[in-house]
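# Report on the structure
Listed below are the residues making up each chain.
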Amino acid sequence: MFKYKEKYNIAIVGATGIVGEALLNILKSRDFPINEIVAIASKRSSGSKVKYGDKLISVINIENFNFENIDFAFFSAGSEVSRKYAPIAANSGSIVIDNTSEFRYRDDIPLIVPEVNPNDIDLYQNTNIIANPNCSTIQMLVALKPIHDRFVIKSINVSTYQAVSGSGRKGINELIDQTHAYLNQQEIKSSIYPKQIAFNAIPFVDSFCENSYTREEMKMVWETQKILDKSISVNATAVRIPVLVGHSESISVETVKSINIDELLKDYNKFKGIEIIDNNSEYDFPNAYSNGQGTDNVYIGRIRKGLDNDKILNIWVVADNVRKGAALNSIQIAEAIINQT
């Protein structure tokens, strides 16, 4: 059973990665009540330093770490690390908030977007583990929650336009290296992506499943049904584009009830974490460069009904995939646990 404290001991597993860095930054900026914070990574990174506020803290090798005094352990070091060490942390009494796909589809582990299904958070007591959804799912479900609450969503068609930061630092470096090579008329080499990513769009993210959808696309199906409503039909196409940070999504939903955009806008304006940018006369709409990096909100624009069907709504959604799509969502989960006590 979780015990309320004035301050908590925090472990960041994968502290040297881009999500780990964001976790450290956001914890500091939100004044999370921290007693002690520990940066953890693989043996390779042991002894290196990461920034926490104005301080540099040393990275500890996870193989030698004891989680017994840790209240919250944020995992963002890949599924293999989570598979091995998250249960160890959980069995030691830590509440594990995992950013990988390792535990998302287990029935006994809650999959949480705090703005969407906060009532499921308490289910963590089954295992002491909470799963963080896929970044694309998080921003989509924040945008769709007010629609579903008022008009009841039957089906979703979504195309995602995903930044290379979704592949971690290696994805960012590949885009930068290829851009430099292209502009300097040098040979372009690809290792992270199956096609050149610079000045291109690749309709492939993660790996192919037997049904010809990619695993990234199927994550949006499985996670939407687990988090929002198991009866919703989801069809997704995931595309990698040459943007450093910030995922964009074109979403079309069909609802049970006829859509009233004025009512929806009122709901959106009351919904914490959503910002509307939708002014056609000023050519103002969300975009990854302006709204998808270093930001915490989910931005929605291009709001319009179907041309010949009052039960179809089309929207454009942008969010920072590293912050809201991973680190911030994890921290909001921990804050919700603290605030429930």
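What comes next is a walk through the structure. (Residues numbered from 1 in each chain as written. Predicted model: local features only at pLDDT ≥ 70, side-chain atom pairs only at ≥ 80, totals over all residues. Heavy atoms only, no water.)

### Looking at the packing of aromatic side chains
- Scanning the entire structure with this criterion turns up eight aromatic pairs.
- For the ring pair Tyr8 and Phe72, a centre distance of 5.8 Å and an interplane angle of 65° mean the geometry is edge-to-face. Linking Tyr8 in strand S1 (residues 8-13) with Phe72 in strand S5 (residues 72-75), this pair joins segments that are 64 residues apart in sequence.
- According to the relative accessible area criterion, Tyr8 is buried, its value standing at 0%. (Phe/Tyr/Trp six-rings, centres within 6.5 Å; stacked < 30°, edge-to-face > 60°. Helix = DSSP H or I, 4+ residues; strand = E, 2+ residues; numbered from the N terminus. Buried < 20%, exposed > 50% of the residue type's maximum accessible area, 1.4 Å probe, protein only.)

### Examining helix H3 (residues 135-151)
- A rise of 1.5 Å per residue sets the reference length of H3, with its 17 residues, at 24 Å; its end C-alpha atoms lie 25 Å apart and thus fit the reference within 8%.
- Along H3, the largest kink reaches about 40° and is centred on Leu144; proline Pro146 follows within four residues of it.
- H3 sits mainly inside the fold: 15 of its 17 residues count as buried. (Expected span 1.5 Å × (residues − 1). Bend = angle between axes of the 7 residues up to and from the residue.)

### Observations concerning the nonpolar core
- Membership of the largest hydrophobic core comes to 55 residues, with the highest contact counts inside it found for Phe67, Phe75, Ile147, Ile156 and Ile315.
- Tallying contributions element by element places H3 first for this core, with eight residues.
- Here Ile147 is in contact with Val152, Ile153, Val253, Thr255, Leu264, Tyr268, Leu313 and Ile315, once residues within four sequence places are set aside.
- Grouped together as the second largest cluster of nonpolar side chains are 48 residues, Leu23, Ile37, Ala39 and Leu328 included. (Core = buried A, V, L, I, M, F, W, Y, C linked by side-chain atoms within 4.5 Å. Contact = heavy atoms within 4.5 Å.)

### Describing the sheet that holds strand S13 (residues 312-319)
- With mixed pairing, six strands are arranged side by side in an open sheet as S9-S8-S10-S13-S12-S11. Single-partner strands in this sheet number two, and they are strand S9 (233-240) and strand S11 (274-276). Averaged over neighbouring strand pairs, the angle between their axes works out to 25° when direction is ignored.
- For strand S8 (residues 153-162) and strand S10 (residues 247-255), the ladder comprises eight bridges, and the chain directions are antiparallel. Bridged to Thr160 within S10 is Glu249.
- Sheet strands in contact with H3 are S8, S10, S11, strand S12 (298-305) and S13, and its direction is about 30° off that of S10. (Pairing = 2+ DSSP bridges. Axes fitted to C-alpha atoms, helices over the stretch in contact; angles between N-to-C directions.)

### So, the packing of H3 against helix H6 (residues 261-270)
- Close contact between H3 and H6 brings their axes to 10 Å; oriented N to C, the two are set at 130°. Judged by the angle between their axes, H3 and H6 are oblique. With respect to the hand of their crossing, H3 and H6 are arranged in right-handed fashion. Note on element contacts: H6 touches H3 through Glu263, Leu264, Asp267 and Tyr268, opposite Ala143, Pro146, Ile147, Arg150 and Phe151.
- Classifying every residue of the contact of H3 with H6 by side-chain character gives six nonpolar, no polar and three charged. (Parallel < 35°, antiparallel > 145°, perpendicular 65-115°, else oblique. Left-handed = near helix turned anticlockwise from the far one by under 90°. Nonpolar A, V, L, I, M, F, W, Y, C, P; charged D, E, K, R; others polar.)

### Describing the pairing of strand S2 (residues 34-41)
- Along S2, six of the eight residues are buried, which leaves the element largely enclosed by surrounding structure.
- As paired strands, S1 and S2 are joined by six bridges and run parallel to one another. Following the sheet pairing, Asn9 is matched in S2 by Glu36.
- Considered for its hand, the β-α-β crossover made up of S1, helix H1 (residues 18-29) and S2 is right-handed.
- Taken together, the three bridges between S2 and strand S4 (residues 55-61) define a ladder with parallel strand orientation. When the sheet's bridge partners are listed, Ala41 is paired in S4 with Asn61. (Right-handed = clockwise from strand over helix to strand, strands pointing away.)

### Things to note about the sheet that holds S2
- Taken together, the seven strands give an open sheet; going across it, the order is S3-S4-S2-S1-S5-S6-S7, and neighbouring strands pair in mixed fashion. Here the strands that pair on one side only, and so sit at the sheet edges, are strand S3 (49-52) and strand S7 (129-131). Recorded for the sheet is a direction-independent mean angle of 30° between the axes of neighbouring strands.
- Across four bridges, the pairing between S5 and strand S6 (residues 95-98) is parallel. Considered in S6, the bridge of Phe74 is made with Ile97.
- Its contacts with the sheet place helix H8 (residues 323-340) against S1, S5, S6 and S7, and it is angled at close to 160° to S5.

### Examining the packing of H3 against helix H5 (residues 215-227)
- Two numbers describe how H3 lies on H5: the axes approach to 9 Å, and their chain directions differ by 45°. By the angle between their directions, the pair H3 and H5 is classed as oblique. Between H3 and H5 lies a crossing whose hand is right-handed. Residues Ser136, Thr137, Met140 and Leu141 of H3 form the contact with H5, whose participating residues are Glu216, Lys219, Met220, Glu223, Thr224 and Ile227.

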